[in-house]
Amino acid sequence: TEADVLRQTTREGLEARLVTHVFRPGMSDEERDHAAKPYRERIEYELGVIEQMGFPGYFLIVSDFIQWSKAHDVPVGPGRGSGAGSAVAWALTITDLDPLRWGLLFERFLNPERVSMPDFDIDFCQDRREETIRYVQKKYGYDQVAQIITFGKLQARAVLRDVGRVLQMPYGQVDRLCKLVPNNPANPVTLEQALDSEPVLKEMKESDEAVGHLLDIAMKLEGLYRHASTHAAGVVIGDRPLDELVPLYRDPRSDMPVTQFNMKWVESAGLVKFDFLGLKTLTVMVTAVKHIKKTKGLEVDLSTLPLDDELTYELLTRGDSAGVFQLESSGMRQVLRGMRPNRLEDLIAVVALYRPGPMDQIPHYIACKHGQEEPDYMHPLLEPILKETFGIMVYQEQVMQIAQVLSGYSLGGADLLRRAMGKKIKEEMEAQRKTFVEGAVARGVDGAQASMIFDKVAKFAEYGFNKSHAAAYALIAYQTAWLKANHPAEFMAATMTYDMGNTDKLNSFRQELDRLKIRLLPPDINRSRPDFAVEKGGDGQPAVRYALAALKNVGEGAMRSIVEERDRNGPFKDLIDFARRLDCRQLNRRQMENMVKAGAFDGLEKNRGKVFKNIESLLRFAANEAEQRESNQISMFGGSNAPALKLEAAADWSPHEKLNQEFEAVGFYLSAHPLDAFNKSLKRLGVLKSVEVPRHLQAGGKSRVKLAGSLLGKNERTSAKGSRYAFLTLSDASGMFEVACFSEVLNASRELLEAGGPLLLEVEARLEEEQLKLTCQRVASLDQEASKAAAGLKVVIRDETPIRELAQLMEREPRGRNRIAIVSQIGSREVEIGLKQTITLSPRFMGALRSLSGVVEVEEI
């Protein structure tokens with residue numbers, strides 16, 4: 001029977017797990033039996049419950065497709081949800097977390113006193129999840145496996161976008177309105193709630209008639225069904241063709257049938273749901289492990305990592321958790337710095353606590369951990385249960401154990417108590433209180449104290465978190481932190497690869513690389529891969545090479561074909577060789593332009609202006625060469641019949657133009673930033689980087705701060721009262737940021753905003769649900785402010801061309817305290833010449849100086 005197969009397979013699996021995870025070298029047979037006893041007892045108990053509830057087949061099916069996945073190198077997560085509390089699942093390798101070691105309860109997953117379907121949520125590598133689903137289809141029959149339908153509703157942001165499109169409102173305006181609606185998938189915010197909580201949205205509704213009309217219609221449509229699609233993860237397997245059990249639907253985007261019953265109703269129809277979830281982090285980790293093997297020759301097995309790695313906990317204690325699963329938000333980093341985690345239990349607790357409600361307990365947890373406060377265990381019987389979390393109830397499993405130890409509940413009954421407390425039904429709560437107190441009194445606990453403990457447990461049960469889920473996700477968090485702490489370049493390259501479509505994230509990862517002192521090498525047609533890769537830099541240290549496919553509007557397929565050609569036939573010798581070997585069907589003018597702007601051809605020709613001017617000629621030449629190859633016409637001398645290509649000369653782009661073109665192709669300033677020349681003045685002026693503002697506010701800093709930025713865009717609007725307001729998009733060295741600018745400031749600074757030069761802004765900053773809101777109070781020319789703060793300028797020149805004009809410019813400036821130094825390349829040496837004449841710097845002078853032909857760079861001293 002299925003039960004016999006499950007028993008045999010589980011017992012064999014347990015013995016294998018004991019050898020790899022429980023037994024230590026040198027243990028005697030007696031010591032091994034003693035260590036194995038609780039595991040064997042737990043397994044026998046669970047098998048009995050599973051058989052009693054009729055679920056052996058379910059466990060065998062899940063075990064089968066997970067073992068197939070692992071045998072075929074499809075990465076599978078260590079567990080997710082309450083299923084991680086099952087020792088049978090651990091023995092069958094469905095999960096990879098020892099439930100006895102971490103105190104995880106089987107009854108939280110399957111409760112014989114409350115019969116419900118088991119539900120394993122399984123995380124797979126997002127790139128290969130489909131392979132496992134195809135295996136299941138093939139094994140159980142294409143007509144017996146289907147995805148589950150889901151019906152999309154018009155929630156706040158979606159209804160705004162749909163109505164805005166129908167009303168033909170500008171996309172940018174609608175997008176800005178949507179961003180003012182708080183995004184909380186776990187507890188969606190309605191438009192009415194958004195208007196109450198977001199004053200800017202309310203003001204825009206009242207002041208702009210079109211916005212008011214949009215919101216009025218959207219609020220009437222909000223909540224209606226919008227479309228049918230397939231559930232992201234849900235798959236059902238039937239014991240017969242599914243069309244005999246449920247109506248089916250054919251999604252035009254999928255070749256799998258889909259049930260017309262949603263997730264809630266397929267189980268009522270007698271079908272069992274399996275969740276095949278795609279988790280990007282698993283894909284990132286697998287990619288990082290491949291990079292480590294390729295660059296360092298090391299084999300890394302994430303499932304056997306030591307859980308006491310000092311480098312990992314040091315990284316987390318510093319709050320350096322950008323890119324680390326579950327731990328990368330600014331608020332979480334602040335918690336990690338205060339907590340100073342040094343064991344996996346701390347990470348399990350922080351994953352569970354960092355949510356609305358229990359978050360209030362984090363300061364007490366930290367104070368108890370560091371001995372600044374005493375834990376309150378409420379009763380000596382509860383100390384073993386609450387010691388791990390310093391007297392704080394963090395997990396649902398602790399609620400169950402408290403009821404079991406203090407009042408004699410079975411764990412199944414304790415799970416019913418936990419659910420009753422969560423629902424807060426008054427009659428049921430009073431009945432449970434009576435049972436709880438009577439059970440506690442029978443064990444010698446004072447009745448009043450037992451009632452007080454019941455109240456505390458009931459209050460916590462609203463927020464309690466599933467420890468099995470927290471433990472599994474804390475393990476993934478630890479694994480990603482281990483990779484970052486021990487192999488940062490490889491980890492960052494993998495992380496950036498799976499966020500290639502998000503330039504904001506790529507820019508934040510670029511800043512993280514700067515902080516880690518890992519070089520980000522520019523895109524290079526002869527060195528870059530389609531994805532981010534790791535290679536040794538000039539200093540012998542690992543560096544991350546920018547991905548070709550991460551450039552804007554180039555297409556991943558085209559970049560892969562270029563790299564495949566390079567891998568087959570060697571590096572491209574020059575631009576003509578590149579064009580000769582180019583597949584014209586894959587690459588067009590726009591793609592080439594963006595590659596030139598990003599500097600991808602700098603290794604073949606440094607003059608970007610020249611390459612850009614010759615793009616059309618290169619593409620024509622490539623087309624002729626391809627035509628020759630296809631027609632297989634070879635000249636009598638063995639060469640090609642295509643006309644020879646001579647590239648036209650052109651002036652190179654100025655440094656400023658290069659940066660602007662690079663920004664257009666990459667989405668942020670990659671090699672440098674226009675504000676870099678002002679670094680010293682920015683420090684003197686007390687200017688913050690935009691990325692530093694949230695931390696500054698969290699540390700209790702003043703809300704009025706100075707920011708500097710290059711103006712990228714200005715979106716002006718007119719309110720119903722006729723006043724103008726605008727949203728300014730700016731960029732500084734740490735990324736892009738947006739500032740709201742209302743009529744008074746907008747009118748006063750209109751001239752500066754039209755000029756588009758570098759700006760200095762004074763803004764009022766506030767944090768709302770970890771979102772930074774900036775309102776402009778003053779705008780000034782950064783050139784002008786910097787000229788007051790700078791000690792002088794260093795002018796880097798290419799040749800003597802600009803010397804005469806520089807002298808003439810200086811003659812026209814009034815004498816002052818600012819000095820000028822000229823830096824020039826003479827042979828292999830760089831020579832700096834300080835000029836005797838000192839002047840008063842002005843924005844006009846600095847602008848004129850930067851525009852001189854032959855001036856490579858102007859930098860403050």
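No experiment lies behind these values; they were computed from the predicted model shown. The numbering scheme is per chain: residues are counted from 1 as the chain's sequence reads. Local features in this predicted model are restricted to residues whose pLDDT is 70 or higher, and side-chain atom pairs enter the listing and the counts only when it is 80 or higher, whereas totals over whole chains, interfaces and linings include all residues. Note: side-chain values were computed over all heavy atoms of the structure, leaving out hydrogens and water.

1. What about the packing of helix α3 (residues 56-71) against helix α5 (residues 129-140)?
For the record, the criterion: Note on method: axes are straight lines fitted to C-alpha atoms, helices fitted across the in-contact stretch only, with angles between N-to-C directions ranging 0 to 180 degrees. Here a strand is any run of E in DSSP of at least two residues, a helix any run of H or I of at least four, and the numbering for each starts at the N terminus. Should an angle fall under 35 degrees it is taken as roughly parallel, and over 145 as roughly antiparallel, whereas 65 to 115 is taken as roughly perpendicular and any remaining angle as oblique. Each helix crossing is assigned a hand: it is left-handed if the near helix lies turned anticlockwise from the far helix by less than a right angle, otherwise right-handed if that turn is clockwise. Every residue pair with non-hydrogen atoms within 4.5 Å of one another is taken to be in contact. Only Asp, Glu, Lys and Arg are considered charged in this grouping, and only Ala, Val, Leu, Ile, Met, Phe, Trp, Tyr, Cys and Pro are considered nonpolar; every other residue, Gly among them, is considered polar.
Taken N-terminus to C-terminus, the directions of α3 and α5 make an angle of 130 degrees; their axes are 10 Å apart at the nearest point. Accordingly, the angle class assigned to the pair α3 and α5 is oblique. In this structure, α3 crosses over α5, and the sense of that crossing is right-handed. For the pair formed by α3 and α5, the contact residues are I61, D64, F65, W68 and S69 on the first element and E131, T132, Y135, V136, K139 and Y140 on the second. Taken together, the residues that form the contact of α3 with α5 break down as 6 nonpolar, 2 polar and 3 charged.

2. Focus: the packing of aromatic side chains
The following threshold applies: The rule is short: rings of Phe, Tyr and Trp, with Trp giving its six-membered ring, pair when the centres are within 6.5 Å, and they are stacked under 30 degrees, edge-to-face over 60, tilted in between. Here's how the labels work: a residue is buried when its accessible area is under 20% of the maximum for its type, exposed when over 50%, partly exposed in between, all with a 1.4 Å probe on protein chains only.
Applying the stated criterion to the full structure yields 27 aromatic pairs. Ring geometry for F109 against F120: centres 4.7 Å apart, planes inclined by 40 degrees, an arrangement best described as tilted. Here the residue F109 occupies a position in the loop between α4 (87-91) and β1 (121-125), and F120 occupies one in the loop between α4 and β1, the gap between them amounting to 11 residues. You'll find F109 and F120 in the same group, each marked buried. Ring pairs connect the aromatic residues Y58, F59, F65, F109, F120, F124, F274 and F276, which therefore count as one cluster.

3. A short note on the sheet that holds strand β9 (residues 542-545)
For clarity, the threshold we go by: For two strands to be treated as a pair, DSSP must find no fewer than two bridges joining them.
Reading across from one edge, β7-β9-β8 is the order of the 3 strands in this open sheet, with mixed pairing throughout. Edge positions in the sheet fall to β7 (520-521) and β8 (533-536), since each has one partner strand and no second. For β8 and β9, the ladder comprises 4 bridges, and the chain directions are antiparallel. When the bridges of β9 are listed, V534 appears paired with V544.

4. Brief notes about the side chain of N607
For clarity, the threshold we go by: Polar contact is the term for a pair of N or O atoms within 3.5 Å; when the atoms are in protein, one must be able to donate a hydrogen and the other to accept it, and sequence-neighboring residues count only if both atoms are side-chain atoms.
Note that N607 resides in the loop between α27 (589-598) and α28 (608-613). Here the side chain of N607 touches G609 through a polar contact of 3.0 Å, landing on its backbone nitrogen. Polar contacts involving the side chain of N607 include one to the main-chain carbonyl oxygen of A650, which spans 2.8 Å. If we skip the residues at most four places from it in the chain, N607 touches A650, A651 and D652.

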